[in-house]
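Residue-level structure breakdown
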Amino acid sequence: MSTLAILTAAGSGTRLGRDLPKALVQVDGVPLVLHAARRLAASGVVDELVVTAPPGATAGVRDLLAADPLVGLPLEVVDGGATRQASVAAGLAHAGADVDVVLVHDAARPFAPAALVRRVVAAVRAGHPAVVPGLPVVDTIKTVSRGEHQTAGAHASEAATAAVEPVTGTPERAVLRAVQTPQGFDRDLLVRAHAAGAARAGADHLAATDDAGLVEALGERVVVVAGDEAAMKITTERDMHLAALYAGRVA
Ligand code: C5P
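Residues numbered from 1 in each chain as written. Predicted model: local features only at pLDDT ≥ 70, side-chain atom pairs only at ≥ 80, totals over all residues. Heavy atoms only, no water.

As a further point, take the overall build of the chain. Scanning the chain from terminus to terminus reveals 7 helices and 12 strands. Expected size for 251 residues packed as a compact globule is a radius of gyration near 18 Å; at 19 Å, the chain falls within 12% of this value. For the chain, the spread of C-alpha atoms along the principal axes amounts to about 65 × 40 × 35 Å. The buried share of the chain, taken over its 251 residues, is 46%. Sequence-distant contacts, at least 24 apart, represent 77% of the contacts inside the chain between residues at least 6 apart. Here the chain displays about 12300 Å² of accessible surface, and carbon together with sulfur accounts for 53% of that area. (Helix = DSSP H or I, 4+ residues; strand = E, 2+ residues; numbered from the N terminus. Rg over C-alpha atoms; globule rule 2.2 N^0.38 Å. Buried < 20%, exposed > 50% of the residue type's maximum accessible area, 1.4 Å probe, protein only. Contact = heavy atoms within 4.5 Å. Areas by Shrake-Rupley, 256 points an atom, 1.4 Å probe, with all protein chains shown as cover.)

In structure tokens form, the structure reads like this:
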């Protein structure tokens, strides 16, 4: 019995506007992928690590993680794919025979605390084959109809002529959760989910944005455990400033 963590770090991070992959952008002098790997290792429940890196950056990422005394886990670094889903599938193909639990974690969430990692693995090992951390949502969320943009009439001001999207619903906020990573799975279930969803992996508009979505598509049960604000995702420059708040504080 062994737990593998797949750390996805192959994104380009174009929304961050830097000229290097997001996972290599630094907070507090440390690349995001290294922050994330250190916390996975600190959890004490991860036995091995497979990192998906941007093609061309694998050797650099391997050197970075292998040399860090706070990581110290058996490590493989593999080329990522065209989408996050394809990258996870590439990582999953490197799972050793003894792996029974797989965590999938985004390097874009570098400060997911070790305690959160333990919580997710504990829930999988307690008999939940698919586990995601999630937080209650503070905003009211609307669903909209895309591609039905309408513009206002002839007398409209500049603001009113902006594209609009018709609202199609307001889900009850109390039952919404914003989900994070690491997500944890029974290995066989995750392999089955990725195999069933493989046709979606090649294109951004089709690909799953998280692994639990692929499990849900099989009709299998997914459960949510309490997430953590420190597991926030870095997408924009503003997020970099927020993340820096957690850099020195989160174990
Ligand atoms: O782009 P986004 O922030 O949604 O990516 C989420 C995570 O998936 C990031 O850690 C990113 O490095 C990773 N990713 C990947 N392969 C891709 C795209 C994203 O490993 N092709």
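This next bit is on the site of the ligand. The environment of the ligand is made up of 16 residues, and the closest members are Thr8, Gly11, Lys22, Ser87 and Lys233. Thr8 is positioned with one of its backbone polar atoms (N or O) 2.8 Å from an oxygen atom of the ligand. Within the backbone of Ala108, a nitrogen or oxygen atom sits 3.3 Å from an oxygen atom of the ligand. About the coverage of the ligand: the protein hides 84% of its 460 Å² of free accessible area. The cavity that encloses the ligand is the largest pocket. Taken together, the residues that form the shell around the ligand break down as 5 nonpolar, 6 polar and 5 charged. (Near = heavy atom within 4 Å. Polar contact = N/O pair within 3.5 Å; in protein donor to acceptor, adjacent residues only side chain to side chain. 1 Å grid on protein atoms, 1.4 Å probe; cavity = no way out; pocket = protein on both sides within 12 Å on 5 of 7 lines; lining within 4 Å. Sits in = over half its atoms within 2 Å of the grid points. Nonpolar A, V, L, I, M, F, W, Y, C, P; charged D, E, K, R; others polar.)

The next thing to look at is the pairing of strand S5 (residues 75-79). Sheet analysis places strand S4 (residues 48-53) next to S5, joined by 5 bridges and oriented parallel. Within S5, the position partnered with Ala53 by the bridge is Asp79. (Pairing = 2+ DSSP bridges.)

Burial runs high along S4: 6 of the 6 residues are buried. With burial as the criterion, each face of S4 is covered, one bearing Glu48, Val50 and Thr52 and the other bearing Leu49, Val51 and Ala53. Here strand S1 (residues 2-8) pairs with S4 via 5 bridges, running parallel. Counterpart to Leu7 in the pairing with S4 is Val51. With respect to chirality, the unit in which S4 leads through helix H2 (residues 58-66) into the neighbouring parallel S5 is right-handed. (Right-handed = clockwise from strand over helix to strand, strands pointing away.)

A cis geometry characterises the amide bond from Thr181 onward to Pro182, with omega recorded as 10 degrees. With respect to the helices, strands and loops of the structure, Pro182 is situated in the loop between strand S10 (177-179) and strand S11 (183-186). At Asp28, a residue that is not glycine, the phi angle is positive and equals roughly 60 degrees. On the secondary structure map, Asp28 appears in the loop between strand S2 (26-27) and strand S3 (30-31).

What follows covers the layout of surface pockets. Over the atoms a probe the size of a water molecule is rolled, and this reveals where empty space is left. Volume-wise, the largest pocket comes out at about 790 Å³. What lines the largest pocket is a set of 30 residues, and nearest its centre among them are Gly11, Arg15, Lys22, Arg84 and Lys233. Ranked by the residues each element gives to the lining of the largest pocket, the list is headed by helix H3 (residues 84-92), at 3 residues. The class makeup of the residues in the lining of the largest pocket is 9 nonpolar, 13 polar and 8 charged. The volume enclosed by the second largest pocket comes to roughly 390 Å³. What lines the second largest pocket is a set of 14 residues, among which Leu135, Ala178, Gln180, Glu229 and Met232 lie closest to the centre. For the lining of the second largest pocket, the elements supplying multiple residues, two or more each, are strand S7 (130-136), S10 and helix H7 (237-247). (Points joined across faces, edges and corners; volume = space filled by probe spheres on them.)

Let us now look at helix H4 (residues 114-125). With 12 residues, H4 should cover 16 Å at 1.5 Å per step; its first-to-last C-alpha distance of 17 Å lies within 8% of that length. By the burial criterion, the buried members of H4 are Ala114, Leu116, Val117, Val120, Val121, Ala123 and Val124. (Expected span 1.5 Å × (residues − 1).)

What follows concerns the pattern of salt bridges. All told, the structure shown has 7 salt bridges when counted by the stated rule. Residue Asp106 is joined to Arg84 by a salt bridge in which the shortest nitrogen-to-oxygen separation is 2.8 Å. Here Asp106, found in strand S6 (residues 99-106), pairs with Arg84, found in helix H3; they are 22 residues apart in sequence, far enough to count as distant. Of the residues examined, Asp106 reaches a relative accessible area of 9% and is grouped as buried. The partner of Arg125 in a salt bridge is Asp100, and the shortest N-O contact between them spans 2.9 Å. (Salt bridge = Lys/Arg side-chain N within 4 Å of Asp/Glu carboxyl O.)

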